[in-house]
Every structure is written in C-alpha cells, then in structure tokens.
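# Structure at a glance
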Amino acid sequence: MKIVILSSLGNERAKICLDSLLETAPNADFDLYLFREKGFREQTLNYALEVVGTQDDILFIGDDILFSPGWYEALQAHSGRAQILGMSMLYTDSEMVQDCGYDLMGDKSLLEPLNRGKRHQDLKPFDFRFCDAVCGCFLYIKAEVFDHVSTFSEKGVNRWGEFIFIAE
C-alpha cells in the first residue's frame with residue numbers, strides 16, 4: 001500500500017499527522033509520500049497519481065487528521081469488502097462525528113452525512129457500512145479501481161471531484 005499525505009496546512013501540521021500515523025500503525029507495511037497542496041485538491045490528487053502510479057492500493061489522507069488506535073487493523077479487516085473505503089471524521093478538538101460516509105438523498109443530488117453530530121463514543125468503533133461516498137480526508141482506493149477511473153475530475157474543484165471519482 002502507498003500512503004499519500006496531502007499537505008495543505010504546512011509542515012508543522014503535516015508532521016503532527018505523520019506522527020499520529022506512525023504511532024498508531026508502527027508495524028504497518030506502506031510506502032509514504034507527502035505532497036504539498038496545489039491550486040486545489042483534485043489537481044493535487046492527480047499530480048500524486050502521476051508520481052506514485054496506480055499499480056498499488058493508495059490511501060490518501062489530509063494533513064488535518066489524527067489517527068485513532070486500531071484504524072490500520074480495521075482497514076485491513078474491511079479492505080476486502082469494498083473497492084473504496086473511508087473512515088469516520090470528527091470535528092476538530094471534539095468528540096462529535098462530522099461524517100461517517102455520505103448517502104444520496106432520494107432523487108436529488110444531495111449527500112447526507114451519516115451520524116453527523118453524534119458522539120463517537122456512542123457508536124460502534126470501526127464499524128463497516130456501505131454508502132454512496134466517503135470523505136476525502138481518508139480515502140483508501142484499491143488498485144483495481146484505477147483500471148476504470150484513472151484521474152479525479154477537476155470540474156469538481158475542491159472536494160466534489162472526490163465524490164465524482166467515487167460515483168464513476
């Protein structure tokens with residue numbers, strides 16, 4: 001697996017994210033890459049794909065996340081269940097869930113975040129569920145996906161390109 005850290009908040013924040021990654025997965029087997037954010041996220045993602053290639057599974061992470069103990073084991077346990085996986089995100093300095101995947105709302109082009117506002121302690125840790133899209137702050141994409149979709153749409157400027165990629 002390759003792990004790509006997308007650095008938009010500067011070196012200090014990227015270091016905090018990296019330290020969190022290494023502390024919570026000390027024996028994980030991965031190649032690590034760090035990319036400074038370009039004009040917008042989809043440009044950065046596409047540049048990262050040009051550099052690291054698409055032959056391996058890739059975990060894209062934003063430098064604004066901290067990893068929880070057990071995340072790596074959960075990723076390995078669930079990696080056979082879907083081609084793209086994400087993990088729940090909490091609001092910064094909070095115990096409240098920001099999102100746990102998104103579901104399309106009926107026939108509208110709206111995405112609803114599951115569990116928004118709930119306390120993470122009240123939810124089953126590292127549970128698995130199918131959803132229509134996941135948060136791009138933690139985006140695990142299996143190599144076979146790149147055989148079908150090889151770039152992130154830059155029409156989605158700043159995060160919608162991730163949702164477009166997942167939908168494609």
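Described below are features of the structure shown in this document. (Residues numbered from 1 in each chain as written. Predicted model: local features only at pLDDT ≥ 70, side-chain atom pairs only at ≥ 80, totals over all residues. Heavy atoms only, no water.)

To continue, consider the packing of aromatic side chains. Enumeration according to the criterion identifies eight aromatic pairs in this entry. Pairing F60 with F152 gives two aromatic rings, centres 6.0 Å apart and planes at 90 degrees, and the pair type is edge-to-face. With F60 in strand β3 (residues 58-62) and F152 in the loop between β9 (138-141) and α4 (160-167), this residue pair connects regions lying 92 residues apart in the sequence. For F60, a relative accessible area of 0% puts it in the buried group. Their ring planes at 80 degrees and their centres at 5.9 Å tell us that W71 and F138 sit as a pair that is edge-to-face. In this pair, W71 sits in helix α3 (residues 71-78) while F138 sits in strand β9, placing the two residues 67 residues apart along the sequence. Both residues of the pair, W71 and F138, belong to the buried class. Each residue in the set F60, F146, F152 and F165 is aromatic and connected to the rest through ring pairs, giving one cluster. (Phe/Tyr/Trp six-rings, centres within 6.5 Å; stacked < 30°, edge-to-face > 60°. Helix = DSSP H or I, 4+ residues; strand = E, 2+ residues; numbered from the N terminus. Buried < 20%, exposed > 50% of the residue type's maximum accessible area, 1.4 Å probe, protein only.)

Looking at soluble globular proteins, one finds that nonpolar side chains tend to be buried together. Within the largest apolar cluster, 22 residues are counted, with the highest numbers of intra-cluster contacts made by I61, F67, W71 and F138. At the level of secondary structure, the elements contributing two or more residues to this core comprise β1 (2-7), α1 (11-24), β3, α3 and β9. For this core, the element with the most residues is α3, which contributes four residues. Of all hydrophobic cores here, the second largest spans 20 residues; its members include L45, A48, V52 and A133. (Core = buried A, V, L, I, M, F, W, Y, C linked by side-chain atoms within 4.5 Å.)

Below, the discussion takes up the sheet that holds β9. The strand order across the open sheet formed by five strands is β2-β1-β3-β9-β4, and the pairing between neighbours is mixed. Looking at which strands have only one partner, the edges of the open sheet turn out to be β2 (31-36) and β4 (84-85). Summarising the sheet, β1 and β2 pair through six bridges and their orientation is parallel. Looking across to β2, one finds that S7 is bridged to R36. Running at roughly 35 degrees to β9, α3 makes contact with β1, β3, β4 and β9 of the sheet. (Pairing = 2+ DSSP bridges. Contact = heavy atoms within 4.5 Å. Axes fitted to C-alpha atoms, helices over the stretch in contact; angles between N-to-C directions.)

Alternating residues of β9 divide into F138 and Y140 and L139 and I141, and every residue in both groups is buried. Bridge analysis of β4 against β9 gives two bridges, and the strand direction is antiparallel. Each bridged residue has a counterpart across the sheet, and for I84 the counterpart in β9 is I141.

Below, the discussion takes up the side chain of N46. Inspection of the secondary structure puts N46 in helix α2 (residues 41-52). Leaving out residues up to four positions away in the same chain, N46 has contacts with T151, F152 and E154.

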